[in-house]
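Take a look at the letters that make up each chain.
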Amino acid sequence: MPIVVIRRLDAILESTKEKVLTAKKKLDKQGFTNQEAFLCEAVGQAFYNDSLFLLRDLISRPTVAKLKADFIAYIDGFSANVQEILQKF
């Protein structure tokens, strides 16, 4: 079940990946530490994922160790509200 939820969230955010990465880079450069509201606004959703990956990007990892590391980075990129949902699974 969790992977279905993750995939649905990923599909919603797929078209906004560049927007969130651009906004994140700008906010980091300006020294903003509390970025959640800005990133949600950038993607027009109540959640975001600021990792460098989309779920489909993780398919072609050369090793299991690389896949695991990148998947963890992907999950960690979700906003706090999504991470809370995922933790309850």
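Above this text is the structure in question.
Residues numbered from 1 in each chain as written. Predicted model: local features only at pLDDT ≥ 70, side-chain atom pairs only at ≥ 80, totals over all residues. Heavy atoms only, no water.

1. Topic: helix H4 (residues 64-76)
- Between its first and last C-alpha atoms H4 spans 18 Å; for 13 residues at 1.5 Å apiece the expected length is 18 Å, and the two agree.
- Those residues of H4 that fall on the buried side of the exposure criterion are Asp 70, Tyr 74 and Ile 75. Looking straight down H4, one finds that the buried residues subtend no more than 140° of arc, so they occupy a single side. Opposite the packed face of H4, turned more than 90 degrees from it, sit the exposed residues Ala 65 and Lys 68.
- Taken together, the buried residues of H4 touch helix H1 (2-13) and helix H5 (80-87). (Helix = DSSP H or I, 4+ residues; strand = E, 2+ residues; numbered from the N terminus. Expected span 1.5 Å × (residues − 1). Buried < 20%, exposed > 50% of the residue type's maximum accessible area, 1.4 Å probe, protein only. Arc of directions from axis to C-beta. Contact = heavy atoms within 4.5 Å.)

2. Considerations on the packing of H1 against H4
- The N-to-C vectors of H1 and H4 enclose an angle of 65°; their axes lie 12 Å apart at closest approach. In terms of crossing hand, the pair formed by H1 and H4 is left-handed. Taken together, the residues of H4 that come into contact with H1 (itself represented by Ile 3, Ile 6 and Asp 10) are Phe 71, Tyr 74 and Ile 75.
- Split by residue class, the contact of H1 with H4 holds five nonpolar, no polar and one charged. (Axes fitted to C-alpha atoms, helices over the stretch in contact; angles between N-to-C directions. Left-handed = near helix turned anticlockwise from the far one by under 90°. Nonpolar A, V, L, I, M, F, W, Y, C, P; charged D, E, K, R; others polar.)

3. Examining a nonpolar patch on the surface
- On the surface, Met 1, Ile 85 and Phe 89 cluster together into a nonpolar patch covering about 360 Å² of accessible area.
- Among the structural elements, Met 1 can be located in the segment before H1. (Patch = residues over 30% accessible without salt bridge, like charges linked within 9 Å, V, L, I, M, F, W, Y side chains within 5 Å. Areas by Shrake-Rupley, 256 points an atom, 1.4 Å probe, with all protein chains shown as cover. Salt bridge = Lys/Arg side-chain N within 4 Å of Asp/Glu carboxyl O.)

4. Notes on the packing of helix H2 (residues 17-30) against helix H3 (residues 36-43)
- At their nearest, the axes of H2 and H3 sit 9 Å apart, and the two run at 150° to each other. In terms of axis orientation, H2 runs roughly antiparallel to H3. For H2 against H3, the interelement crossing comes out right-handed. Along the contact surface, H2 presents Lys 19, Val 20, Ala 23, Lys 24 and Leu 27, while H3 presents Phe 38, Leu 39, Ala 42 and Val 43. (Parallel < 35°, antiparallel > 145°, perpendicular 65-115°, else oblique.)

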